[in-house]
Structures are given as structure tokens and as C-alpha cells.
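What the coordinates show
Okay, here's what each chain looks like letter by letter:
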Amino acid sequence: MQTTILTTTQDLPQVNEKLSSVINLVNLPIECDWKSLEKINNKNLKLIAKDISNPFLMAELDKKNNIVCSLCTLAGDGKGRLTITKARPDWYKLQRRIVTAGRKSELLLQACKLTADSKVIDATAGFGHDSLILASGGANVTMLEQNPLMALLLILEKQRMSLEPNWEGLMGRLDIRFKNSVKWFESSATKNKDLQADVIYLDPMFPNDSYQGAKVGKGMQILHDLALPPTAKQEQALLNLAQQAIKKNGRVVVKRPKNAPFLAHVASDESWENDVVRFDGYFNKK
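Let me sum up the structure you'll find in this document.

How each quantity is defined
Residues numbered from 1 in each chain as written. Predicted model: local features only at pLDDT ≥ 70, side-chain atom pairs only at ≥ 80, totals over all residues. Heavy atoms only, no water. Axes fitted to C-alpha atoms, helices over the stretch in contact; angles between N-to-C directions. Helix = DSSP H or I, 4+ residues; strand = E, 2+ residues; numbered from the N terminus. Parallel < 35°, antiparallel > 145°, perpendicular 65-115°, else oblique. Left-handed = near helix turned anticlockwise from the far one by under 90°. Contact = heavy atoms within 4.5 Å. Nonpolar A, V, L, I, M, F, W, Y, C, P; charged D, E, K, R; others polar. Disulfide = S-S within 2.5 Å. Salt bridge = Lys/Arg side-chain N within 4 Å of Asp/Glu carboxyl O. Buried < 20%, exposed > 50% of the residue type's maximum accessible area, 1.4 Å probe, protein only.

1. Observations regarding the packing of helix H1 (residues 12-25) against helix H6 (residues 148-162)
Two elements in contact, H1 and H6, have axes separated by 11 Å at closest approach and are oriented at 115 degrees. Put simply, H1 runs roughly perpendicular to H6. Both H1 and H6 take part in a crossing whose hand is right-handed. Across from Leu19, Val22 and Ile23 in H1, the residues of H6 making contact are Leu152, Ile155, Leu156 and Gln159. When the residues that make up the contact of H1 with H6 are grouped by side-chain class, the tally is six nonpolar, one polar and no charged.

2. Observations concerning the state of the cysteines
By the definition in use, this model includes zero disulfides. Cys32 takes part in no disulfide bond, and the closest cysteine sulfur, belonging to Cys69, lies 8.9 Å away.

3. Comments concerning the pattern of salt bridges
Any two side chains of opposite charge can pair, given that their charged atoms come close. Scanning the model with the defined rule gives 12 salt bridges in all. A salt bridge links Arg160 to Glu157; the nearest nitrogen and oxygen atoms lie 3.0 Å apart. Pair noted here: Arg160 and Glu157 are both in helix H6, with a separation of three residues, about one helical turn. Residues Arg160 and Glu157 agree in their burial class; the two are buried. Linking Asp175 and Arg177 is a salt bridge whose minimum nitrogen-to-oxygen distance equals 2.9 Å. One salt-bridge network, held together by shared partners, links Arg88, Asp90, Lys93, Glu157 and Arg160.

These results come straight from atomic positions and should not be treated as a statement about function.
If you want it as C-alpha cells, here you go:
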């Protein structure tokens, strides 16, 4: 997968070295097309706009010399200016929510009913925000992400946050894998009962019209440019395989817009909802 990496000229050597090292270390199939500008502004962007394909990555160095990567799109605003829409995991912004997370405040935790030693697979990791909430409940979370750009963002964010005070323990409960979840569930390793999960969490992409008036955030808009919602056949395969990969008395939990149909049109055993979202639970009662 070829993608443009945009950075400033002064940061390019360090960003190139560090980013290339991570990509090679975890064997991500990303081919970088480096673009650098003395200053990233409208005038300079116009010089290279024709050479940038959406979405692309913007890589910068923070004050601690860590790489901060954002998934971006570039578009005109109709007034002769180019605008960059950026989205990234930015886990630090969830600090207050993570500290106060509990079943009373988090519908996700109500649905998952975790214990301190729960093994969870987040099969559709995205920006990893729900994985953080799950890990805050004491679970060990394996995060599966099939898009190499998103996997890279997650790996970089975990590296960055592991250096922050009081975050090391939480980061130690997250295991990020560049994997297709269906192939993961089909593999012999995940069919081994010793490796099966207590909870498998699914938050598949769904069509924009599923939100029924709810505002879709910038991050979700960019993700829609990067990945398509699953087909009916893919939904069925994902749900079936996830149900096979949970332990006895385990559960599959699926996140949906409140008024969206059930995943693969399979009714859940129980649901938890608020004004915006719904979590559907499928239990292994055997």
C-alpha cells in the first residue's frame, strides 16, 4: 500500500528514520512516498497538492521528540484555499473518561461484564478508543486492525503513551496486531481453547445513513474514505466466527447505531442502549 507521508523539511530525517523503523519492525505493507515542506500552509500545499492522494499521513515530532501521526484528507474549501482534515487516536484526550470508567458510566462495560483477568479481542480496533475503555476495566485486550495505516497509527500511539506517567500499566494490557479479524478467527491458533476469548468486541463500519441525523465526527468521515462497510456475507462470517472463538459462558458484543438493524440480521440475546448507540450481546451458553 503506497501512501504519502507529509512532514516539515526540518523533521523529515528523524521522522523518516523512526517511521521506517516501525514499519519494518512489524512488517507493515506500507510504501512511503515522502513529501516535505518548509512550512505547511495553503501556499505551499498548492505546490504539491496534485501529487497527494487521499487519505495520506501527516507526521510531526512533538515536544518530546516522539512521532505524532495523523490520517488526513486534503480538499478545497471552494474559496481557493486547501484544507487538511486530520484525525488520529489521541488517547491522552480520553484520560478523564478512562479514570472514571465503570459500569455505571460506560455502556460498553455494562455489556461486556469484564473481570480483572478477562481476555478480550477487539476485532475492529479503529482508533482504539473502545479498547482503552475495555483495558481500563482490567481486561487484556488484543486489538486487531486490518488496515496498515490504521495499525501504524495505533502502534505509534501506544509507543508514545507508554512514556507518559501513569499510562504504562494500561498500555501493557493492549496488544496490537495487524490482522484481518476473519482470517484471525479462522486460524488454528484462535480455535485452541486455551487461546479463546471471554469477550469478542465488534464495531464494524456501517453506512453513513445508519446514524439517522447524528453528526459523524471527522475521524469517522476519514475512516469511511479508507474502508467500506462489510457486505452482508462478510457480516455473517464475522459474527459466526466470533461466536466460535469465545469461551464457554463468553460473549460477543457488537456496537451499532441505536436504530440500526442487528449485525447480519441476527437478533441478540440482550441489548444495552442509550440515545445514540446500542450494544448487542450474543452469549455462548454451552
